[in-house]
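Structural characterization, general
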Amino acid sequence: MKIARFRDPQGRIHHGVPVDAARARRLGGHLFEGLIETTDELVVERWLAPVLPINIYGIGLNYRAHAEETGAEIPTQPVVFMKPTTAIVDPQQPILLPRACDRGPEVDYEAELAVVIGRKARDVPIDSALDCVLGYTCANDVSARRWQKQGGGGQWIRGKSFDTFCPLGPVLVTRDEIPDPQTLAVTCTLNGERVQTGHTSDMIFSVAELIAFLSRDTTLLPGTLIVTGTPPGVGFARTPPRFLQNGDRVAVAIERIGTLENPVRAAPADAEA
């Protein structure tokens, strides 16, 4: 099932099955306890991120071709960082270029497969790890490279934590429709030009291996999001480097899931805007 989250013209928020660009069939129940199909067809005022994660784990250097383009050694265990939940932004809503990025362009795109955990998981073996998955969606692990590399005391999280740095959507596809997450093409386009092309079979650590690794002595709660790494073609590794600019449009597309598109805007002077 393809599950969207949306707001109707009365301001109510629902889960539903998209019918077209402006309508969805409402789903009753609860995302993590079971959704119930209805015949109610509602007008969509705004499509929202399909899930509001409780925690966000990011994985770095998880595609062989991406590690090679950066000149990094192939990791022997997953490279893990975290993003705050305040980084989530809805489809078609702007990625904001932080005012803190005041030393020149540095904000980069990263097309990624995102995994949503559906039940409490701890010490999960690899061979049953996918049983813990509710579904999959598209993510853009937006990264401010100077802040990532020089502004965080050696930790990546600061450069990946700014508001709007985790676009998510457009839908959550349940795992029954994607029984093997290592079979998906992943692309990113910038202003209509393809800049990233990859395939989840190039992951160094599979989705199942990531879940098993992250759940060792650690509880993954329902709603945990795992952003699984990006294929080659990121902006900082290009010649010359290519970073996001005010007015750009960036789109992440993953086979069998759909396309997550966001405009890019300069952050307003008023932090509350």
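You'll find the structure just up there.
This section reports on the structure supplied with the text.

1. Observations regarding the packing of aromatic side chains
- Counting across every chain of the model gives four aromatic pairs.
- Ring centres of F81 and W156 lie 5.8 Å apart, and the angle between their planes is 50°; this geometry places the pair in the tilted category. Note that F81 is positioned in strand β7 (residues 79-83) and W156 in the loop between α2 (145-149) and β14 (166-174), a separation of 75 residues in sequence.
- We classify F81 as buried; its relative accessible area is 7%.
- Overall, W156 belongs to the partly exposed group, its relative accessible area being 28%.

2. Description of the side chain of T174
- Looking at the secondary structure, you find T174 in strand β14.
- On the accessibility criterion, T174 (11% relative accessible area) is buried.
- Only 2.7 Å separates the side chain of T174 from the backbone nitrogen of M1, close enough to count as a polar contact.
- Polar side-chain contacts of T174 include one of 2.5 Å to the side chain of D176.
- Residues contacting T174, with those up to four places away along its chain left out, are M1, I3, L134 and G135.

3. Some details on the pairing of strand β3 (residues 23-30)
- Sheet topology note: the strand β2 (residues 13-20)/β3 ladder contains five bridges and is antiparallel. When the bridges of β3 are listed, D20 appears paired with R23.
- What sits between the antiparallel neighbours β2 and β3 is a turn of two residues.
- Following β3, the chain reverses through three residues before pairing antiparallel with strand β4 (residues 34-43).

4. Some points on the sheet that holds strand β15 (residues 185-190)
- In spatial order, the strands read β9-β19-β18-β15-β16; together these five strands make up an open sheet with mixed pairing. The strands lining the two open edges of the sheet, one partner per strand, are β9 (95-97) and β16 (193-199). Averaged over all adjacent pairs, the angle separating strand axes in this sheet is 20°, with direction ignored.
- Across three bridges, the pairing between β9 and strand β19 (residues 258-266) is parallel. Among the inter-strand pairings, L97 is bridged to a residue of β19, identified as A266.

5. Concerning the nonpolar core
- With 68 residues, the main nonpolar core has I211 and I257 as its most contacted residues.
- Looking at this core element by element, the count peaks at six residues for strand β11 (residues 111-117).
- Setting aside chain neighbours within four positions, we find I257 in contact with K2, L113, Y136, T137, C138, V171, V173 and I178.

6. Some words on unusual backbone geometry
- Note the cis peptide between G169 and P170, where omega equals 5°.
- Here P170 is to be found in strand β14.
- Here the residue pair T239 and P240 is connected by a cis peptide bond, since its omega of -5° sits within 30 degrees of zero.
- Of note, the phi angle at D217 is positive, near 55°, even though the residue is not glycine.
- Structurally, D217 is set in the loop between α3 (207-214) and β17 (224-227).

Conventions adopted
Residues numbered from 1 in each chain as written. Predicted model: local features only at pLDDT ≥ 70, side-chain atom pairs only at ≥ 80, totals over all residues. Heavy atoms only, no water. Phe/Tyr/Trp six-rings, centres within 6.5 Å; stacked < 30°, edge-to-face > 60°. Helix = DSSP H or I, 4+ residues; strand = E, 2+ residues; numbered from the N terminus. Buried < 20%, exposed > 50% of the residue type's maximum accessible area, 1.4 Å probe, protein only. Polar contact = N/O pair within 3.5 Å; in protein donor to acceptor, adjacent residues only side chain to side chain. Contact = heavy atoms within 4.5 Å. Pairing = 2+ DSSP bridges. Axes fitted to C-alpha atoms, helices over the stretch in contact; angles between N-to-C directions. Core = buried A, V, L, I, M, F, W, Y, C linked by side-chain atoms within 4.5 Å.

Function cannot be inferred from these measures alone, as they are strictly geometric.
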